[in-house]
Every structure is written in structure tokens, then in C-alpha cells.
Amino acid sequence: MSDAELMFNKYTLRESARIQKICEPLHRYLDVNYFWYSHTTADGGFFSIGSKPDMHEYYFTTKLFVHSPFFHNPSLIQPGFYSYRSIQDPKFQQTLDLCVDATNVNLGMSLVMKQGGELLRFGYASDRTKGAEFSDRIINNLPLLKKFNQHFLSEMKPTLKSVHNDLVNLPIELGSAYNKPPKGLQKKTTCHDKSLFLDSLGLIEHTNISQLTRREMQCMQYLAKGFNSRDIADELELSKRTVQFYIGNIMLKLNCDNRLELIRIADLLNLCGYFEM
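Residues numbered from 1 in each chain as written. Predicted model: local features only at pLDDT ≥ 70, side-chain atom pairs only at ≥ 80, totals over all residues. Heavy atoms only, no water.

J.: Lay out the side chain of D89 in plain terms, naming residues and giving numbers.
T.: Tracing the chain through its elements places D89 in the loop between β3 (80-83) and α4 (90-103). Buried charge D89 goes without a salt bridge, the closest partner of opposite sign being K183 at 4.8 Å. Among residues more than four places away in sequence, those in contact with D89 are H67 and K183. (Helix = DSSP H or I, 4+ residues; strand = E, 2+ residues; numbered from the N terminus. Buried < 20%, exposed > 50% of the residue type's maximum accessible area, 1.4 Å probe, protein only. Lys, Arg positive; Asp, Glu negative; His and termini not counted. Salt bridge = Lys/Arg side-chain N within 4 Å of Asp/Glu carboxyl O. Contact = heavy atoms within 4.5 Å.)

J.: How would you sum up the pattern of salt bridges? Please name residues and give values.
T.: By the definition in use, this model includes 8 salt bridges. Here K146 makes a salt bridge to D267, at a shortest N to O gap of 3.3 Å. In this pair, K146 is assigned in helix α6 (residues 142-155) and D267 in helix α13 (residues 259-271), connecting sequence segments 121 residues apart. The residue E216 makes a salt bridge to K253 at a minimum N-O spacing of 2.8 Å. Here E216, found in helix α10 (residues 214-224), pairs with K253, found in helix α12 (residues 240-254); they are 37 residues apart in sequence, far enough to count as distant. Its relative accessible area of 3% is what places E216 among the buried residues.

J.: Residues and numbers for the sheet that holds strand β6 (residues 168-169), please.
T.: Strand pairing in a sheet relies on backbone hydrogen bonds, with the paired strands running either antiparallel or parallel. Ordered by their spatial adjacency, 6 strands build an open sheet running β3-β4-β5-β1-β2-β6, and the pairing between neighbours is antiparallel. For this open sheet the edge positions go to β3 and β6, each flanked by a neighbour on one side alone. Strands in contact with helix α3 (residues 53-61) are β1 (34-40), β2 (45-50) and β4 (106-115); relative to β2, the strand with the most contacts, it is inclined by about 150 degrees. (Pairing = 2+ DSSP bridges. Axes fitted to C-alpha atoms, helices over the stretch in contact; angles between N-to-C directions.)

J.: Which residues make up α6, and what are the values?
T.: Compared with an ideal rise of 1.5 Å per residue, which puts 14 residues at 20 Å, α6 spans 20 Å between its outermost C-alpha atoms and is within 8% of the ideal. All of the buried residues along α6 are L142, L145, F148, N149 and F152. What you see down the axis of α6 is that its buried residues fit within an arc of 105 degrees, all on one side. (Expected span 1.5 Å × (residues − 1). Arc of directions from axis to C-beta.)

J.: Help me get a handle on the nonpolar core, residues and values and all.
T.: If you look at the biggest cluster of nonpolar residues, it comprises 57 residues, and the most contacted ones within it are F35, Y37, Y59, L107, Y124 and F152. One finds L223, I250, L254 and F275 within the second-largest nonpolar core, a separate group that totals 23 residues. (Core = buried A, V, L, I, M, F, W, Y, C linked by side-chain atoms within 4.5 Å.)

J.: Go over empty space enclosed by the protein, please, and point to the residues and values.
T.: A water-sized probe rolled over the atoms picks out the places where empty space is left. One pass over the structure, following the stated rule, counts 1 cavity of 30 Å³ or more. Of the volumes computed, that of the largest cavity is approximately 110 Å³. Every residue lining the largest cavity is counted, 13 residues in all, and those nearest its centre are W36, Y59, F71, L107 and R121. If one sorts the elements of the lining of the largest cavity by residue count, α3 sits on top with 4 residues. Broken down by class, the residue content of the lining of the largest cavity amounts to 9 nonpolar, 3 polar and 1 charged. (1 Å grid on protein atoms, 1.4 Å probe; cavity = no way out; pocket = protein on both sides within 12 Å on 5 of 7 lines; lining within 4 Å. Points joined across faces, edges and corners; volume = space filled by probe spheres on them. Nonpolar A, V, L, I, M, F, W, Y, C, P; charged D, E, K, R; others polar.)

J.: Just give me the short version of the packing of helix α1 (residues 3-13) against α3, but keep the residues and values in it.
T.: Between α1 and α3, the shortest axis-to-axis distance is 9 Å and the interhelical angle comes to 165 degrees. As far as their axial angle goes, α3 and α1 are roughly antiparallel. Two packed elements cross with a definite hand, and for α1 against α3 that hand is right-handed. Within the contact between the two elements, α1 uses A4, E5, M7, F8, T12 and L13 and α3 uses P53, H56, E57, F60 and T61. Per-class residue counts for the contact of α1 with α3 are 6 nonpolar, 3 polar and 2 charged. (Parallel < 35°, antiparallel > 145°, perpendicular 65-115°, else oblique. Left-handed = near helix turned anticlockwise from the far one by under 90°.)

J.: I'd like to hear about the packing of α10 against helix α11 (residues 229-236), residue by residue, with values.
T.: Closest axis-to-axis distance for the α10/α11 pair is 10 Å, and the angle between their directions is 125 degrees. Comparing the axis directions of α10 and α11 gives the class oblique. The handedness of the crossing between α10 and α11 is right-handed. Every residue of α11 that contacts α10 at R215, Q218, C219, Y222 and L223 is listed here: I232, E235 and L236. Looking at side-chain class alone, the contact of α10 with α11 contains 5 nonpolar, 1 polar and 2 charged residues.

Below you can see the structure in the form of C-alpha cells.
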């Protein structure tokens, strides 16, 4: 039995009832048919758990995961929000079709985050009957999903601690491909792409985001992290008054009525990896 199969049997299969109970609100309210969480360490140790055992088993026992761009070296993958059907890699798209045919799971979208050199990935999938409306639902509920992700990690903390003893070695599984740039994730983002991205988030009225200065963008990033003006000033080695001036300019450019609205936009952009584009 391979390391991937052992990982599945020991964690996703054994913990399936608990995982499904935690994920039940996702299915009930957002039509998420399959949720998964995966983690890749800086040296290529990998584990994954999911809410649909038959899908998880199929994906890992057939080794379809070796064709995913997200299992390459974490240093080659940027954080952000990814739609799987937009990834321009024919082999990867073929694996998505196989999953739909075999398990009725349409792998949809994934939120990729980084902690140091490690890669965290939260995935949301529908069944074959859901299309664009599912993607819209996920995008429109990103702040809610972020809170769910935190809840999931908290509820599964004991399991996630022990799973580090049973990591799959991705450099061995993928061979030389592990350190090669993954296909479909290297597309350079243009201003037009950013406008489309903002449109998909319902923020097209804030297209002036792309016109913010470097300092203003830094302020936005720190606002998303929960920093106040004094904290931001300390980080950027500026006066508090200068930071307040920048924030005032940002609010004017983005037509925000208050600071809370500005923080909501900053948090959403940070969550979706906009600042990494």
C-alpha cells in the first residue's frame, strides 16, 4: 500500500464521520459537495483530508494528484484564489473530467495560503450539475468561507497534529517534476486581468484599486491584517499622521464612506491573493 493510500485510510476514512459533521453547513448552505484541506511543508511533506471518502480515495489511490499544479514545490506557488477550470494545463483538466465521471465531484475552486515556506490549501467542489452559479456562490461568500476554514482547523487540531507523522513525500512521488514550475499558474497578471478579478468579486466599482500608490497598497495590506494607524506607522517607519493621510486618500479613491468599508475591501482582496498579483 502506498503512502498516499495509508494517509487516506488512517485519516480521511477513519475520521470521515467527524469531517462530514464539521462540513455539513457547507453542504447545506453553499452546496459544497466536497471540501478538502491539504498542507505541504517546505521540504515537500504532504497530507490531505477531505469530506467525501470515495472522492479522496479515488484521487489519491489512482495518483491523479501527481498531475496537479498545486503539489509542486511550495516556493513555486503563489497564494490566491484559483478556479480549477481556468488552469491552462490539458493533463490537469483531464484529471478533473475523470473525477466528475468516477465520483460526481466537479473540483471547483481552491484558496491557497502560505505560512512561512509551507502551503495551505482549502478546496470547494460541487457535483456535476452545478456550474457557474456554484463559482459565484463561493466567490460571494469568501469572508464566510475564511471563518469556516479557521473553524475546520480548530475542530480537527488533534488529527492535524498527528498527521505530521505520516506525510507523503512529494519529491519522491513527483520526481524531477516537483521542482519544475507548475503549468497554468504562471500567467502574468495584467491590469485588465485585475479588473476582471475585481468584477468577479463584485468590486468592479472599486477599479481605482489598481491606481493606488505603493505606500497606499502597503497600508491596505496592513489594514487587512488588523493593524491600526499606529501599528502601520511603526511597520512602515512613518508618522501616524502620514498613515492617516494615506488612508484618507485611499478612502477617497475607492469611494468608501467609512473605515469599516475600507477594511472589508482590504480583507477580501488579501484573502483572494490580490496583493500577490
